[in-house]
Every structure is written in structure tokens, then in C-alpha cells.
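Here are the chains, one letter per residue:
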Amino acid sequence: MILEMNNIQKQFDGLEVLKDISFGVDSGEVVSIIGPSGSGKSTLLRCATFLETIDGGEIKYMGKAAAHTNAQGKAEYVTAKELRQFRSYYGLVFQQFNLFPHYSILKNLIDAPIRVQKRSREEAMDTAMDLLRKMGIDSKADAYPFQLSGGQQQRVAIARALAMKPEILFFDEPTSALDPELTGEVLKVIKQLAEEKMTMVVVTHEMAFAKAVSNRVIFMDGGVIVEQGDPHDVFDNPQEERTKRFLSVFDR
Amino acid sequence: MSITTMLVTMSDGMLKTFGIFFLTLLGALPLGMVVALLKKSRFLVVRGIVGIYISVVRGTPLMLQLLAWYFGPYYLFGWEIGGWRYPAIIVGFVLNYAAYFAEIYRGGIESIPVGQYEAAEVLGYSHTQTFMRIILPQVIKRIMPAITNEIITLVKDTSLAFTLAYQEVFSIAKQIAASQTSFMPFVIAGVFYFVANYLVEFVMKRIEKSMDYYK
Ligand SMILES: Nc1ncnc2c1ncn2[C@@H]1O[C@H](COP(=O)(O)OP(=O)(O)OP(=O)(O)O)[C@@H](O)[C@H]1O
Ligand SMILES: [Mg+2]
């Protein structure tokens, strides 16, 4: 298991957003998370990436616990220093890209590997250029984010996350901020990564994409996992009433 | 008295004006950042003290603050204040401008989208790295116009040092104008401030342009 989240609980001032969520991700798996707005999908990813702290439960990467519930029933994290080690296991691609506007595309990709992971400049450059080629944007290496289309910026953001050589990559609605005609180029890149057996968790509203690319689909509603399984089962033969209702909206 | 003589007499005051100007910037630009960061401190007491300092400085005339810094030690503690004139002027200006710069910095820092912090955090940057490498450069670009305005105000505010009878260009202009019953010294002082600000704008525009490569 690359990631295990067990009995995760998260509240926002009294509002229970994650209610005892448990799931794991194996190496090479592509997991899609779908569900209505406000069901807690982003919160789950933000907890997995330590952008939010959980109230209870356990988060494990590579079999090592980053957080667990202590004897007092409260979630307890490892030290800040150890957390930085855990951060090297994953990458996160945001809906809004969040590229660094003052850095060139190339610098966006090499700065953290050099400054955070202390890799050599040459190695970081090689990795970065390989990734940009793979994303089809190597000609933009010296450009700045504002000079790129949304689709190109999101591909840079994916490359920036991959440049850290993570074990697992999280996506939070990677195409939601894009014009419809630009979503294809980003989905294609994610699909390509899936074929290369990159471990990924993708929160998405693109049902066709989720069905085509993922090994497993998780349907969330109201802070719980309502149903999960093989995409063909979940999409074509949902067992739960809530899943049926949610999917019927997309069935046109 | 010829214009040339006036110019020569006033040139020493011009140097003194520049002195106040540069020392104030040298002290207030970095101190403002410290103040801005303290304003965001975890500790309520620190935030409180800094908040009071900022509102007192912004809520009272700089002229009054200069008088307080100069005469305060004498009236409060009975200290000898000979030789304290110039330090009092610099302390007054630096603390005044640091408060204004701090508010500009704070606004700039708060205008950076939270996504920039989150992206940096997920990539593993430390807090210091995030601030120095990701946040600060973007803040500087955004606040440049506001900083320029403040510096232009500072050029004009240096004339307030005349309150403490410091011989900067405006004080000298007043004295010559009185003794020669001529308006010319004020014209010269006016041109001096105008040219100084023209230079400020020129330099600041260049700096702004150098950051134009991104949006
Ligand atoms: N920082 C926060 N403070 C308070 N409430 C929050 C916060 N973040 C999320 N919430 C609440 O938690 C619930 C779940 O939000 P979340 O963003 O995880 O949903 P989501 O499934 O990602 O929805 P969407 O599909 O719209 O992105 C919502 O009710 C939301 O209002
Ligand atoms: Mg969301």
C-alpha cells in the first residue's frame, strides 16, 4: 500500500465533513473519487496532503504512520521534520494550477527539486526537460506561466509535481478551471501516466474519463464513501440508491 | 544676494535633506517588514503592541512626533538633549515611515493567493523558503506603486525637520527669504523637491519595469 487512510474524521467548526472514511491505494492503482458538491472530496485530498489536519484516524504512507489517533482519542501527527519526509511521497495538482508566476516554466520544475530535495542542478534540469517533452510543452521552458493557456499551465503543474518523483499523485478536479476545449489535453496526459502505472487519486466530474482511466471508483456523499469498486460496476450497475441518483444526472 | 549665492548657501541644506531621506529609507524599508511580520505574530501581546504603535503613528502628525522624540526625553526624564537633535529626527522619521511601509507590506502579503502557500507547502518548501522565494518577490512587485507614493511623500516630508530647527533645505530657504525679503529661495526649494521626486519616479519606474517580465 502506498497510502492508507483509516477512520478519517474531520470537522469544520462542528460540521462533520469526513465521517470515518477508510480507503487505501496500491502501487500502480488509479482511483477516481466522484460525488456531489460539498461531499468532502477536496477535504479528503487536503487531509491526505496535510493541508488540513484530521481530527481522528490514521494516515499512512508506505506503511509508515504520519498521523494516528492517540489514547485520548485525538489525532496526533509526527514531528514537522518527519512530515517533510512524508511530503516527498506525494504530489498534488490543484484545480487552479498554482504555478509560481515569477518563475519560468523550467524554474517552476527545478526549484523545489534543487532547494528542497537538494538534487543537483543538472539532474533536476534533465528530469524537467524530459517531463516537459512528455507533456508536449518543452518549447515553453523559458516562458512564464501567464504566457500559457490554462491547459498548458495545468500540464506544467503536473510536470512540477512529477519532478519531485512522488510515489503517488493527487488531482483535485484538474480540468474544472479549464475551457471545455482544453480539458482533453490534460486528461490525455493523465491517461498516459495511468498507462505508465503511475499511482494516482483523481477527484473529478469527468465521468467518461473516470470510467475509462481508473481501476477503481469511489463515490462519496455527505462525508462518507457510499460505494466503491470497478468503474464498470459502479457506473453501469450501481448498488446504492444515492449513487444511482447522482449518476442519473450525468446520463445524457 | 545673487541666485548663485543662494544656491551655494542652500546646497548644504540639500545634502542634509538627502541625508534624512536616505537614512529614513535605509531604516524604514526593512523595519517595516519586521513590523508587518510582528503584526501577524502568534502572540496577542505582540500583535497588540504593534497595532497600537501603527495607529498612533498614523493617527498623529509627523511634526508632533518629531517634537515628542526631541523634547520627550527632557520633559519625561530630565535628560540633557544636546546632540540629540539629529538622532531624534532620524528616529522619528524611521519609526513613522516603518509603520506606513508595514501596512503596505501587510496588504501585499495578504493579497497573495493562498494557493501559492499551499503549492509551496506540498512541494516541501520550509516556511522561510516559502516566504523568501515564493511570496516576497510577488509581494514586492505588487506593492511597488504604493511604495513609490510613500517615497514621494517622504521627499516632501523631509521639510518637517525644520520644526526642530534642523538646517535642511527648507529651513535655510525660510531664513534667506526672511533676511533678503525675497521669494526666490522658496522657488529654488520648490524646484529642488520637484527634481528630487522626478528622480524618485524615474528610478522606481525602472525597478517596476525590471519586474515586468511576469504577471
Ligand atoms: N476551510 C473550511 N472551513 C469551513 N468549512 C469548509 C472548509 N472547507 C470545506 N468546508 C466545508 O466542507 C464541506 C466539504 O467541502 P469539500 O470542498 O471537501 O467538498 P467537495 O466534495 O470537494 O465539493 P466540490 O465538488 O464542490 O469541490 C462543504 O460543506 C464545505 O462547505
Ligand atoms: Mg472540491
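It should be noted that the structure appears before, not after, this text.
For clarity, every value in this text was computed on a predicted model and none was experimentally measured.

Reading the values: rules and limits
Residues numbered from 1 in each chain as written. Chains lettered and ligands numbered in written order. Predicted model: local features only at pLDDT ≥ 70, side-chain atom pairs only at ≥ 80, totals over all residues. Heavy atoms only, no water. Pairing = 2+ DSSP bridges. Helix = DSSP H or I, 4+ residues; strand = E, 2+ residues; numbered from the N terminus. Axes fitted to C-alpha atoms, helices over the stretch in contact; angles between N-to-C directions. Contact = heavy atoms within 4.5 Å. Buried area = accessible area lost by both parts, 1.4 Å probe. Salt bridge = Lys/Arg side-chain N within 4 Å of Asp/Glu carboxyl O. Polar contact = N/O pair within 3.5 Å; in protein donor to acceptor, adjacent residues only side chain to side chain. Near = heavy atom within 4 Å. Areas by Shrake-Rupley, 256 points an atom, 1.4 Å probe, with all protein chains shown as cover. Buried < 20%, exposed > 50% of the residue type's maximum accessible area, 1.4 Å probe, protein only.

### Here's the deal with the sheet that holds strand 8 (residues 168–172) of chain A
Residue and element names in this part refer to chain A. Taken together, six strands build an open sheet; the order of strands is 7-8-9-3-10-11 and the sheet is mixed. Each end of this open sheet is capped by a strand with a single partner; those strands are strand 7 (90–93) and strand 11 (224–229). The sheet shows a mean angle of 15° between the axes of neighbouring strands, taken without regard to direction. In terms of strand pairing, strand 10 (residues 216–221) meets strand 11 through five bridges, oriented antiparallel.

### Topic: the interface of chain B and chain A
Listed as interface residues are 19 residues of chain B and, on the opposing side, 24 residues of chain A. Taking both partners together, chain B and chain A bury about 2,100 Å²; carbon and sulfur atoms supply 59% of that area. Together, Val122, Leu123 and Arg133 of chain B form the three largest contributors to the area buried by chain B at its contact with chain A, with a combined 32%. Here chain B and chain A share three salt bridges between them. Of the charged contacts in the structure, one is a salt bridge between Arg87 of chain A and Glu121 of chain B, with a shortest N-O distance of 3.3 Å. Viewed at the interface, chain A and chain B are joined by eleven residue pairs in polar contact (both at pLDDT 80 or more). Of all elements in the fold, only helix 5 (114–122) and helix 6 (127–157) of chain B reach the threshold of two or more residues within the side of chain B that touches chain A.

### Description of the site of ligand 1
All names here are of chain A. Every one of the 13 residues lining ligand 1 counts as a neighbour, but Ser37, Gly38, Lys41, Ser42 and Thr43 are closest to it. Between ligand 1 and Ser39 there is a distance of 3.2 Å, counted from an oxygen atom to a backbone nitrogen or oxygen. Interatomic distance of 2.7 Å between a side-chain N/O atom of Ser42 and an oxygen atom of ligand 1. Isolated, ligand 1 exposes 640 Å² of accessible area, and the fraction of that covered by the protein chains is 61%.

### Things to note about the pattern of salt bridges
Tallied over the entire structure, the rule returns 18 salt bridges over all chains. Two residues, Arg119 of chain A and Glu123 of chain A, come together in a salt bridge whose shortest N-O distance is 3.7 Å. Take Arg119 of chain A: its relative accessible area is 14%, and that puts it in the buried class. One salt bridge connects Glu196 of chain A with Lys134 of chain A, and the closest N-O pair in it is separated by 2.7 Å. Within this pair, whereas Glu196 of chain A is found in the loop between helix 6 (180–195) and strand 9 (199–203), its partner Lys134 of chain A is found in helix 4 (residues 121–134), the two being separated by 62 residues in sequence. With a relative accessible area of 41%, Glu196 of chain A lands in the partly exposed category. One salt-bridge network, held together by shared partners, links Lys40, Arg58, Glu103, Arg106 and Glu110 of chain B.

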